[in-house]
Amino acid sequence: MSLTFDIFLLLYLIAAALVVARAKDLLAASIVFSSYGLALCLLWQYRGAPDVAMTEAAVGAGITTVLFLVAIGRTTRREK
Amino acid sequence: MIGVGDIRFATIVVLAAAGAAFFLLGTVGLLRLPDFFSRVHAATKCDTVGAGLLLTALIVLNGAEPSTAKIIVLAGLVLLSSPTTGHALARAAHRTGLVPWHAEEE
Amino acid sequence: MRRPIAISLAFLAAVPLLAGVAGLPVHGDPSAPVHTHVSARYIEHGVEEAGASNLVTGVLLNYRGLDAAGEVTVIFTALIAVLAVLTVASTRDADASNHDGRVRRSDADRRHPDHPVSPIVHFVVRLIAPFTALYAAYVILHGHVTPGGGFQGGAILGGLFIALTMVLGKERTRPLVRPVLAPWMQGAAVLTFAAVGAVGALLTGVYLGFPVDPSLRIVRDLMLIALEVGIALGGAAVLAMIFLQMEAS
């Protein structure tokens, strides 16, 4: 059961990373990257690393997304 | 004989199943509904009621433990933050001039 | 033609990497070097040697204190670079608008003048803010016992500052970071590491050395907590400054 959950999260991480890399819409890429951070946070917590999970939740899923959104707001939403 | 434990177990199952059902319906709504406002409406139900019911199930499952207080605080936070998020999203969309979807008239 | 070359180069680069992975010990193998050397020492003696019940903090700040010091220096340098780029961009924008003869409108004007922040969001953020601050302080100060610490608590503080700035406006939150204090807060992590390192050098003769003697236990705990607070202030200041600078320009 635990292995299934691990594999599901890891597959999700790979898929999200591919979407982020391929997306032309930077806003969508930021949101998917935020969900990537959330999945990674779950995986850290599940693997017994709560310290890293807290950092990932605060920085990866939270603040990075805000900074990306501010940057997109100041520049352009579409990748050339 | 139905004991207290059975009733508790049944409560947990019902609450968790209802929470999961709300998540399922919310996800279906997010994918199928026609415009931004209705999708936000569906997605907010997911977070508020779905997560709220699941956390309530966890409260019953955990029993009278110190850690249950943390789950109660967590449930309160979800009940507070998730509708606010939905409201902020819908308001921002309305402010930027997004027109709600209407069914085509004859 | 370039694509096949790129693909074959990628595969060629993968071969030594995979060979390297094949040479690693099996994951979770108890006889792997990582489990027989430092980890065993950390787990067996970490609590009394490093003075932190949370082994992660003990390793991060005590055993590997120099690495953490280097880490915060890197983050601080990155902040300087980002601020330098953003400040140049914003002064150039300001110059350009001055040359046009246009009056530069304030941020509040430029954003929807007659559309203030939703009262609901305003209320909820103000309601949650003190609890978030309390949680951040708990994570920072309790970091040597439970999961968490300076980096995590600093990130929570920075996030709280960003949320407050978005809701209350820069005019209300900017005074929290006084111009006199701002540079000290941005450098807080690096400066704290230097100060604690100097104290350690005085006590043990080694830079960032921690006294092991049980009678100096309180000193060691204070050093750890000072490091946590310094890292937290520095981290929060880094995140808040990047956000403020991006919003300003």
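Residues numbered from 1 in each chain as written. Chains lettered and ligands numbered in written order. Predicted model: local features only at pLDDT ≥ 70, side-chain atom pairs only at ≥ 80, totals over all residues. Heavy atoms only, no water.

Asks: What exactly am I supposed to notice about unusual backbone geometry here?
Replies: For residues besides glycine, phi is generally negative; the peptide bonds are generally trans as well. The phi dihedral of Leu208(C) falls on the positive side, at around 65°, and the residue is not glycine. Residue class for Leu208(C) comes out buried when judged on its relative accessible area of 6%. (Buried < 20%, exposed > 50% of the residue type's maximum accessible area, 1.4 Å probe, protein only.)

Asks: Help me understand the pattern of salt bridges, please; the structure alone is not making it clear to me.
Replies: Any two side chains of opposite charge can pair, given that their charged atoms come close. Residues and elements named next belong to chain A. Tallied over the full model, the rule gives one salt bridge over all chains. We note a salt bridge from Arg 47 to Asp 6, for which the minimum N-O separation is 3.0 Å. On the criterion of sequence distance, the pair formed by Arg 47 in the loop between helix H2 (26–46) and helix H3 (50–74) and Asp 6 in helix H1 (residues 2–22) is long-range, its members being 41 residues apart. (Salt bridge = Lys/Arg side-chain N within 4 Å of Asp/Glu carboxyl O. Helix = DSSP H or I, 4+ residues; strand = E, 2+ residues; numbered from the N terminus.)

Asks: Any chance you could explain the interface of chain C and chain B here in plain terms?
Replies: Each side of the interface is counted separately: chain C has 10 residues, and chain B has seven residues. Interface of chain C and chain B: buried area, both sides summed, is about 730 Å²; carbon and sulfur atoms make up 76% of it. Connecting chain C to chain B are zero salt bridges. The interface formed by chain C and chain B includes one residue pair in polar contact (both at pLDDT 80 or more). The class makeup of the residues in the side of chain C that touches chain B is eight nonpolar, two polar and no charged. (Contact = heavy atoms within 4.5 Å. Buried area = accessible area lost by both parts, 1.4 Å probe. Polar contact = N/O pair within 3.5 Å; in protein donor to acceptor, adjacent residues only side chain to side chain. Nonpolar A, V, L, I, M, F, W, Y, C, P; charged D, E, K, R; others polar.)

Asks: What's the story with the interface of chain A and chain C in this structure? I'm lost.
Replies: Taken together, the contacts link 13 residues of chain A with 21 residues of chain C. Here chain A is connected to chain C by zero salt bridges. Where chain A meets chain C, there are two residue pairs in polar contact (both at pLDDT 80 or more). Each residue belonging to the side of chain A that touches chain C can be placed in one class, and the counts come to 10 nonpolar, one polar and two charged.

Asks: How should the environment of Arg126(C) be read in this particular structure?
Replies: Residue and element names in this part refer to chain C. With respect to the helices, strands and loops of the structure, Arg 126 is situated in helix H7 (residues 119–141). With 46 residues separating them in the primary sequence, Arg 126 and Arg 172 have C-alpha atoms 13 Å apart. Not counting chain neighbours up to four residues away, the residues in contact with Arg 126 comprise Leu 168 and Arg 172.

Asks: Any chance you could explain the state of the cysteines here in plain terms?
Replies: Formally, a disulfide is one covalent bond, and it connects the sulfur atom of one cysteine to the sulfur atom of another. The final tally for this structure, using the stated rule, is zero disulfides over all chains. Cys41(A) forms no disulfide, and the closest cysteine sulfur to it belongs to Cys46(B), at a distance of 19 Å. Its relative accessible area of 14% is what places Cys41(A) among the buried residues. (Disulfide = S-S within 2.5 Å.)

Geometric values such as these leave the question of function open.
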